[in-house]
Amino acid sequence: MNIGGIVHSNSAGNTDNWKGDAAPDGSCEVSYDKTHGVVLTWSGTAAPGEPCYPFNTAYTNFFDDVLYKTAFWNDGTIRNNALFEFDSRCPGSSYIRQIEAALKSMDNSLLQQKNCTWAFLGDERELKEAKRYLFWTSLNTNEVGAGEQIPVLIQTGDGKYYVSETTTGERTKKSEPHKGEKYIAVSEQITSRIEYKKFLKADAQYSSLTEAYDAYVKALAKDEYKGVREKCS
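Residues numbered from 1 in each chain as written. Predicted model: local features only at pLDDT ≥ 70, side-chain atom pairs only at ≥ 80, totals over all residues. Heavy atoms only, no water.

Asker: Describe the side chain of Thr-156, listing the residues and the values that go with them.
Answerer: Counting through the fold element by element, Thr-156 comes out in strand 9 (residues 149-156). At 2.5 Å, the side chain of Thr-156 and the side chain of Asp-158 are in polar contact. Here Thr-156 is in contact with Phe-63, Arg-132, Tyr-133, Tyr-162 and Leu-200, once residues within four sequence places are set aside. (Helix = DSSP H or I, 4+ residues; strand = E, 2+ residues; numbered from the N terminus. Polar contact = N/O pair within 3.5 Å; in protein donor to acceptor, adjacent residues only side chain to side chain. Contact = heavy atoms within 4.5 Å.)

Asker: Before we move on, could you go through the sheet that holds strand 6 (residues 84-87) and cite the residues and values that matter?
Answerer: Each strand in a sheet pairs with another by means of backbone hydrogen bonds, the pair being arranged parallel or else antiparallel. The six strands lie next to each other as 6-7-8-9-10-13, forming an open sheet whose pairing is antiparallel. Looking at strand neighbours, the two that pair on one side only are strand 6 and strand 13 (205-206), the edges of this open sheet. Contacts from helix 2 (residues 94-103) reach strand 6 and strand 7 (117-122) within the one sheet, and its direction differs from that of strand 7 by about 110°. Sheet strands in contact with helix 4 (residues 209-220) are strand 8 (132-137), strand 9, strand 10 (161-167) and strand 13, and its direction is about 175° off that of strand 9. (Pairing = 2+ DSSP bridges. Axes fitted to C-alpha atoms, helices over the stretch in contact; angles between N-to-C directions.)

Asker: Describe a negative patch on the surface, listing the residues and the values that go with them.
Answerer: On the surface, a cluster of negative charge is made up of Asp-64, Asp-65, Glu-126 and Glu-129. The topology assignment puts Glu-126 in the loop between strand 7 and strand 8. Residue classification places Glu-126 among the exposed residues on the basis of a relative accessible area of 70%. (Patch = residues over 30% accessible without salt bridge, like charges linked within 9 Å, V, L, I, M, F, W, Y side chains within 5 Å. Areas by Shrake-Rupley, 256 points an atom, 1.4 Å probe, with all protein chains shown as cover. Salt bridge = Lys/Arg side-chain N within 4 Å of Asp/Glu carboxyl O. Lys, Arg positive; Asp, Glu negative; His and termini not counted. Charge placed at Lys NZ, Arg CZ, Asp CG, Glu CD. Buried < 20%, exposed > 50% of the residue type's maximum accessible area, 1.4 Å probe, protein only.)

Asker: Before we move on, can you summarise the packing of aromatic side chains with the specific residues and values?
Answerer: For any pair of aromatic rings, the description consists of the separation of the ring centres together with the inter-plane angle of the planes. For the coordinates displayed, the defined rule picks out 18 aromatic pairs. Aromatic pair Tyr-53 and Phe-55: ring centres 5.8 Å apart, planes at 45°, arrangement tilted. You'll find Tyr-53 and Phe-55 in the same group, each marked buried. Ring-pair connections join several aromatic residues into one group, and the members of that group are Phe-63, Tyr-68, Phe-72, Trp-73, Phe-84, Phe-86, Tyr-95, Trp-118 and Phe-120. (Phe/Tyr/Trp six-rings, centres within 6.5 Å; stacked < 30°, edge-to-face > 60°.)

Asker: For the pairing of strand 9, give the residues involved together with the corresponding values.
Answerer: For strand 9, the tally of buried residues reaches seven of eight residues, placing the bulk of the element in the interior. Relative to strand 9, strand 8 is paired through four bridges, and the arrangement is antiparallel. Among the inter-strand pairings, Trp-136 is bridged to a residue of strand 9, identified as Leu-153. Here strand 9 hands over to strand 10 after four residues, with Gly-159 in that stretch at a positive phi of 90°.

Below, the structure written as structure tokens:
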């Protein structure tokens, strides 16, 4: 949850800027602390049970159920492409339109969250599943701007999850429609396959989408990302 740049998840507990539990029929007191800024103090008791996420956690396989369902993936359009990038902020992209059409089979998945930015990247060649990546951030990168460091949740083509950091990069659309229009991608241009390794740290690997999302929310709440949070609040 992001309220005025204050980011919190159910699993985070009390923080410098968030006290108590937001619950039905409760209330929120807004105060200001000289050291930590705005503080939200909630009255209410969180209902017991499973953690609540803003997306439907049943949808986790975004390669088999989304990317690999598109026509361009199956008709040879990008065959033997060792470095593809399909960024959701690319305006008028036929690839993005097909990916979004495949996403319609899902209901409120992670990739369908309002203002989020995602990108499929990697190696299309046969037997290279482990070298394909999905980068996701809750931030609208067009609002963040280029050259900014942001946290990202990563899913690999072989089912691993990581939380890492990228630097946003400016792109220029090379074809019609919207030829020449600039947009901000989730990462700077990656020009070689080996560059992906720097995003996949063993100490930031997680066993499930929900576990990775919890870690992503904690990362986003760090002071170092206050500027990009405020741009998107």
